[in-house]
Amino acid sequence: MAPHGCSYSALLLIICSVSVFIVTDSQDTTLSGGHHAAAVEDNPQAATEAAEKTSEQPAVEERRWEATEVEEATLHEAAADKQDTPAPETEAPSPVPQPKDDFQEELVIRPLHSGDIYASFQFRTLWETDFMSGNKVSHYRLFPKSLGQVISKFSVRELHISFTQGYWRTMQWGQPFQPAPPGAELWVWFQDSVTDVDGTWKELTNVLSGIFCASLNFIDSTNTVQPSASFKPLGIGNVTDHRFLRYATLPREIVCTENLTPWKKLLPCGSKAGLTVLLKSEKLFHSSFHSQAVHIRPVCQDWQCKTTSWELRQTLNVVFDLHTSGQGKREWSLFKMFSRTLTEACPLASSSKIYIDITDDPQGELFELSPATPLLSQAMVLGDRRTFSVYDLTQPVTFGTVRSLNPLIRWKSSEGDMLRPLLHAERYVAGYGLQTGEIHTLMYNNHPYRSFPVLLLDTVPWYLRLYIHTLTVTSKGKDNKPSYIHYQPSKDRLRPHLLEMLVQLPPNSVTEVTVQFERALLKWTEYTPDPNHGFYVGSSVISSLVPSIVAMDTNITMDRPLFSSFFPCKEESSFFVRVYTEPLLVNLPTPDFSMPYNVICLTCTVVAVGYGSLYNLLTRSFQIEEPSPGLAKRLANIIRRMRGVPPL
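Residues numbered from 1 in each chain as written. Predicted model: local features only at pLDDT ≥ 70, side-chain atom pairs only at ≥ 80, totals over all residues. Heavy atoms only, no water.

**Points about the sheet that holds strand E9 (residues 331–333)**
The strands making up a sheet associate through hydrogen bonds between their backbones, and the pairing can be parallel or antiparallel.
And then number 1: Spatial strand order, E9-E14-E11: three strands in an open sheet with antiparallel pairing. At either margin of the open sheet sits one strand with a lone partner, and together these are E9 and strand E11 (367–370). For this sheet the average axis-to-axis angle between neighbouring strands, irrespective of direction, equals 10°.
And then number 2: Where E11 lies against strand E14 (residues 408–411), four bridges are found, and the strand directions are antiparallel. Paired with Phe 367 across the bridge in E14 is Trp 411. (Pairing = 2+ DSSP bridges. Helix = DSSP H or I, 4+ residues; strand = E, 2+ residues; numbered from the N terminus. Axes fitted to C-alpha atoms, helices over the stretch in contact; angles between N-to-C directions.)

Structure (structure tokens):
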């Protein structure tokens, strides 16, 4: 029994000790719970956070939603309290900031008396920024970034570039809205901060050659001039220091699709919407005349010129011929011209309009326009007041129920005379032989009673050596002495001739300017691959303020159509006109390049025959060959081999 008693006593001792430990632990837990309750009473926010941490995820999302509702309710209550409380002062709402850039697009259609039709596209982008402040412009919205970087890097004040295929026939078509010479033309005004103008000009031409996919990299010192009076800035600021002006032409430049594609990519809408959907290359280049241009200049935004903007104006002029278009009827429409119709305006354009010139047919006797539009507009264009029917593409009613616009011009009569242009010019080469020649420039003043001065700019390549002492200017059979002459002689293979003259044209007269030249003999490496085709000489440039028939508008900030606001007008009695003559094609003394070819062929033949024979003699190995035995001997040897006897 003793062992059993000891075991029972040990078991009771263990049970008592465990019960004491449990009671002690329960008391500690109660004390800690009391302290926690006291802490909750003192800081309820901490208790809420602790509860959120221990809760499940759906409960957390539910609390957040409830907290949001409570917050919104609190905001509404606060707003109601604020409305009940009288405000001591009412503040005016701040105006909505206007965008600093703007884009407009226009299409002008002019029916010509010859049955042809003239279409002129105008795209203008205005941007209120300063490329010359030194701050890097990094955000571009409507203005193309490639041209913005060109302006900033090369310190360009104005840039004008054009690519033209064909020649504008002034006497048949009248004056164009944007004149341009055949080929490529580039003239640039640089900022006065540029130290090396020639080096900057060379780099700029290479960059523009890549942007427009053209041969502008062929512009060098041999075809670049620095005019002293022509090509004044068209933007703000009348800069007279012509050291920062450069002018060059490439009359042989061919314009094709690869030039049109990068030109369209500069537009905000590209070729996806607006008027640019009409620019179909296979239609544009199947025309009598095609010209595309880019003009960049600073302009004023108000009449006081307190704020300035950069203007990018892209123009495209095209003339469709009645006969080459493949249609016999004298009627035109957007679909017949461009193989497309319009369905919408460019979404980024603040203005998108089509103007159709009806000045020559106000009563609808010569042609019929459909669909008719009640909107009419009058504008001063080239010294004449013109009337236009206007289609506003930003208005949905313009497209009608079919959501398509296709204006149709149907001629009723071929009668009617075109108003002759007051100023036009021609140029040709006279003489015979390949040693000397003579350049004739004819300038016509068709005004019946007004005379006006013109500024003539002639650029002649160095290989046509001018005899400046033979320069003559005659009007109506009498000498007409120029009031200003600037002549810069050429240097062989370095720079061309530059001739500028200010000549007064009498009323209703023809003024002829002649100068003789001598053809130079070039090095054989300086000839083109087709030397017998001839060498091109760039067009002459004639600038003048022509007397106006009606009073011109000198307000440059007034809202006017784009085609009538390119050249700034500072006088009410005259308007600015720039005329280009035809480029010249001159033959130079050309060696007979077939003779070197014949000499090369003969020399190669002689060398091949002589050297081949000598080479064979030196490298060929000779062996003595024994004569072959007769037939009888061969048969005998065969029999002897069969018998095992040595051959003979």
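**Digging into the sheet that holds strand E12 (residues 376–381)**
And then number 1: Spatially, the 11 strands line up as an open sheet ordered E5-E6-E4-E3-E7-E8-E2-E1-E10-E13-E12, and their pairing is mixed. Each edge of the open sheet is held by one strand with a lone partner, namely strand E5 (224–225) and E12.
And then number 2: Judged from the six bridges that link them, E12 and strand E13 (residues 384–392) form a sheet pairing that is antiparallel. Looking at the pairing, Ala 379 lines up with Arg 386 of E13.
And then number 3: Sheet strands touched by helix H6 (residues 197–212): strand E3 (156–165), strand E4 (183–190), E5, strand E6 (245–250) and strand E7 (289–300). Its angle to E4, the strand with the most contacts, is close to 135°.
And then number 4: The strands touched by helix H7 (residues 257–265) within the sheet are strand E2 (117–127), E7 and strand E8 (308–320), with E7 carrying the most contacts at an inclination of about 30°. (Contact = heavy atoms within 4.5 Å.)

**Some thoughts on unusual backbone geometry**
And then number 1: Pro 371 follows Ser 370 through a cis peptide bond whose omega is 0°.
And then number 2: Summarising the element assignment, Pro 371 is placed in the loop between E11 and E12.
And then number 3: Of note, Lys 476 is a non-glycine position whose phi angle comes to about 55°, a positive value.
And then number 4: Relative to the helices and strands, Lys 476 is located in the loop between strand E18 (464–475) and strand E19 (478–479).
And then number 5: Not every positive phi belongs to a glycine, and Asn 508 is a case in point at roughly 50°.
And then number 6: Structurally, Asn 508 is set in the loop between strand E21 (497–505) and strand E22 (509–519).

**Thoughts on the packing of aromatic side chains**
And then number 1: Inspection of every chain in the model, using the stated rule, returns 22 aromatic pairs.
And then number 2: The interplanar angle of 70° and the centroid separation of 6.1 Å between the aromatic rings of Phe 123 and Trp 263 together place this pair among those described as edge-to-face. Remark: Trp 263 occurs in helix H7 and Phe 123 occurs in strand E2; sequence separation between them is 140 residues. As far as burial versus exposure is concerned, Phe 123 and Trp 263 are alike and both buried.
And then number 3: Pairwise contacts between aromatic rings join Phe 103, Phe 121, Phe 123, Trp 263, Phe 320, Trp 332 and Phe 338 into one cluster.
And then number 4: Above the plane of the ring of Phe 154 lies Lys 153, whose end atom (NZ or CZ) is 5.7 Å from the centre. (Phe/Tyr/Trp six-rings, centres within 6.5 Å; stacked < 30°, edge-to-face > 60°. Buried < 20%, exposed > 50% of the residue type's maximum accessible area, 1.4 Å probe, protein only. Lys NZ or Arg CZ within 6 Å of the ring centre and 35° of its normal.)

**Considering the nonpolar core**
And then number 1: Leu 342 and Ile 354 are the most contacted members of the largest nonpolar core, which has 75 residues in total.
And then number 2: Counting residues per element, this core draws most heavily on H6, at six residues.
And then number 3: Residues within four places of Leu 342 in sequence aside, it is in contact with Gly 274, Leu 275, Val 277, Leu 278, Leu 334, Ile 354, Leu 393, Phe 399, Arg 403, Ser 404 and Leu 405.
And then number 4: Leu 422, Met 501, Val 577 and Leu 588 belong to the second-largest nonpolar core, a separate cluster that totals 35 residues. (Core = buried A, V, L, I, M, F, W, Y, C linked by side-chain atoms within 4.5 Å.)

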